[in-house]
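Below are the chains, spelled out letter by letter.
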Amino acid sequence: MFHNSQLLFERAQRFIPGGVNSPVRAFKSVGGTPVFMQRAQGAYLFDEDGNHYIDYIASWGPMILGHAYEPVVQAVREHVLTATSFGAPTALEIEMAELIISMTSNVDLIRMVNSGTEACMSAVRLARGYTGRNKIIKFEGCYHGHADAFLVKAGSGLATFNIQTVPGVTPGVAADTLTAPYNDLEAVRELVAAHPDSIAAIIIEPVAGNMGCILPESGFLEGLRQICDEAGIVFILDEVMTGFRLAPGGAQERLGIEADLVTYGKVIGAGLPVGAFGGKKAIMEHISPLGKVYQAGTLSGNPLAMIAGYTLLKTLKEDPSIYSSLEQKTLYLKKGLTEALEHSGVPFQVNQLGSMISVHFSKTPVVDFATSAASDVELFKRFFHELLKRGVYLPPSAFESWFLNNALSLEDLDKTIEAVRQSLKAIA
Ligand code: HOZ
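Predicted, not measured: the structure shown is a model, and the values here were computed from it. (Residues numbered from 1 in each chain as written. Predicted model: local features only at pLDDT ≥ 70, side-chain atom pairs only at ≥ 80, totals over all residues. Heavy atoms only, no water.)

Engineer: Explain the overall build of the chain here, please?
Structural biologist: Broken down by element type, the chain carries 15 helices and 14 strands. In terms of C-alpha radius of gyration, the chain reaches 21 Å, essentially the compact-globule figure of 22 Å for 428 residues. If one aligns the C-alpha atoms of the chain with their principal axes, the spans along those axes are about 55 × 55 × 45 Å. Here the chain, with 428 residues, has 57% of them falling under the buried criterion. (Helix = DSSP H or I, 4+ residues; strand = E, 2+ residues; numbered from the N terminus. Rg over C-alpha atoms; globule rule 2.2 N^0.38 Å. Buried < 20%, exposed > 50% of the residue type's maximum accessible area, 1.4 Å probe, protein only.)

Engineer: Quick question: what am I supposed to make of the site of the ligand here?
Structural biologist: Neighbouring residues of the ligand: Ser 22, Arg 25, Trp 60, Tyr 143, Ser 156, Asn 210, Met 241 and Glu 400. A distance of 3.0 Å separates an oxygen atom of the ligand from a polar side-chain atom of Ser 22. Here a nitrogen atom of the ligand sits 2.8 Å away from a polar atom, N or O, in the side chain of Glu 400. (Near = heavy atom within 4 Å. Polar contact = N/O pair within 3.5 Å; in protein donor to acceptor, adjacent residues only side chain to side chain.)

Engineer: Please explain the packing of aromatic side chains as it appears in this structure.
Structural biologist: Working definition: an aromatic ring pair is given by the centre-to-centre distance plus the angle between the planes. By the definition in use, this model includes 10 aromatic pairs. Here Tyr 182 and Phe 220 contribute two aromatic rings whose centre-to-centre distance is 5.5 Å and whose plane-to-plane angle is 55 degrees, an arrangement assigned as tilted. Note that Tyr 182 is positioned in the loop between strand S6 (177–180) and helix H7 (185–194) and Phe 220 in helix H8 (residues 220–231), a separation of 38 residues in sequence. In terms of burial, Tyr 182 and Phe 220 fall into one category: buried. Among the aromatic residues, those joined into a cluster by ring pairs are Phe 139, Tyr 182 and Phe 220. The lysine or arginine in question, Arg 39, covers the ring of Phe 46, its NZ or CZ lying 3.9 Å from the ring centre. (Phe/Tyr/Trp six-rings, centres within 6.5 Å; stacked < 30°, edge-to-face > 60°. Lys NZ or Arg CZ within 6 Å of the ring centre and 35° of its normal.)

Engineer: I'm lost on the sheet that holds strand S4 (residues 109–113) in this one. Help?
Structural biologist: The pairing of strands in a sheet comes from backbone hydrogen bonds and takes either a parallel or an antiparallel form. With mixed pairing, the seven strands of this open sheet are ordered in space as S4-S10-S9-S8-S7-S5-S6. Each having just a single partner strand, S4 and S6 make up the two edges of the open sheet. Looking at each pair of strands side by side, their axes are set apart by 20 degrees on average, direction ignored. Note that strand S5 (residues 135–139) and S6 share four bridges and pair parallel. When the bridges of S6 are listed, Ile 137 appears paired with Leu 178. Along the sheet, H7 makes contact with S5, S6 and strand S7 (199–204), crossing S6 at roughly 150 degrees. (Pairing = 2+ DSSP bridges. Axes fitted to C-alpha atoms, helices over the stretch in contact; angles between N-to-C directions. Contact = heavy atoms within 4.5 Å.)

Engineer: So what exactly am I meant to see when it comes to the pattern of salt bridges here?
Structural biologist: A side chain with one charge can pair with a side chain of the opposite charge if their charged atoms come near. According to the stated counting rule, one finds 16 salt bridges in the structure shown. In this structure, Glu 339 engages Lys 335 in a salt bridge whose closest nitrogen and oxygen atoms are separated by 3.3 Å. Of this pair, Glu 339 and Lys 335 both sit in helix H12 (residues 321–344), four residues apart, roughly one helical turn. Across the pair Lys 415 and Glu 411 runs a salt bridge, and its minimum N-O distance is 3.9 Å. Linking Lys 415 with Glu 411, this pair stays in helix H15 (residues 410–427), spanning four residues, or about one helical turn. The class for Lys 415 is partly exposed, based on a relative accessible area of 48%. Among the charged side chains, a network of salt bridges with common partners joins Arg 225, Asp 229, Asp 260 and Lys 280. (Salt bridge = Lys/Arg side-chain N within 4 Å of Asp/Glu carboxyl O.)

Engineer: I would appreciate a short explanation of the packing of H7 against H8 in the present structure.
Structural biologist: Packed helices, taken two at a time, are described by their axes: the angle between them and the distance between them. For the pair H7 and H8, interaxial distance at closest approach is 10 Å and the crossing angle is 15 degrees. Viewed along their axes, H7 and H8 adopt a mutual orientation that is roughly parallel. Considering how the two elements wind past one another, H7 and H8 form a crossing that is right-handed. Packed against H7, whose contacting residues are Leu 185, Val 188, Arg 189 and Val 192, the element H8 presents Phe 220, Gly 223, Leu 224, Ile 227 and Ala 231 at the interface. Its residues assigned to classes, the contact of H7 with H8 comprises seven nonpolar, one polar and one charged. (Parallel < 35°, antiparallel > 145°, perpendicular 65-115°, else oblique. Left-handed = near helix turned anticlockwise from the far one by under 90°. Nonpolar A, V, L, I, M, F, W, Y, C, P; charged D, E, K, R; others polar.)

Written out as structure tokens, the structure is:
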């Protein structure tokens, strides 16, 4: 079934560390051979062995309307003939910035970068430059990309591979990153009290997607907002996963919360490499060339990435019914999953908001990294492989959110639910 993938993986490992260009893809935590993909269309992935899968990763978020969404493909096709990169300003970058700003209530200025990592790294540098302070607070199990400052008690691949401290991150950098459990306001208050006038920023995924999907408890984000206001701390929402996914205005709109700086990635590039950070003018004006906080990039604002992202975002802005459709599909899946899981008798939790959802095999509610890590990861591995065999592609880790795309049909969801039933029977 995976013959060609196996051959490709063997070959890949000769030239690429671990055979992959991003660790979670290696299937190391679920075992087996990573599936090498050949093409994707709508809700489906097609691999190198002629198998196809219903996709619940959506490239880890970007493909919100499904793969090869025709208007994006068309726009990229047209633009590639004009230039692939100028390294000079273009009118399209203004269109993109105007569109993003029109979709958010509190972004006055926005700077395009090439990835979510770059966006978060730059936002933290800006917060430090703006406040003149060094420390940041992040949350255990949250992942803001692989910049040094974030690789402390991080989620995603670090949770997947149980990497507690990362060689290469200097003790000095790590000491400037303070951590608190997700949903624990009191822990944040204590950190702020213990480090007066030293904390530049609090950065958080407003809905965590890198330890499975974890929702903020009522009042948690509002509490952080208040702490930031009281202590002069820059509040950064990492909307790399949630931006333009939970609502046209992201988690800020969906949850009614406003940050000082926001970071974007994934959906903003429609599958091309894009990130962005933006926010209040008074802070953003400290970025070079207006201010001295330096940040730059040869491919930033790349015309192909801009036209892809612009075309997708415009569709999302003009047709908000996409969000209700996505939510209905996700709720339908949630109901089917819940019934199948209840029937199987395994302990489970299904966390969901909008089109983000995940299953933890656990008796106790999953509200932070400790409760996520306490779930039955061995069972998840078997569940993952049984579903893969049945043509359903989940994230190959218990510590990642699933992302639905709007190309999924009710038939796809029914097939998935049936595959879940059969998989649970097989692993019982
Ligand atoms: N950072 C992604 C998971 N949260 C994984 C990216 C990838 O492997 O493509």
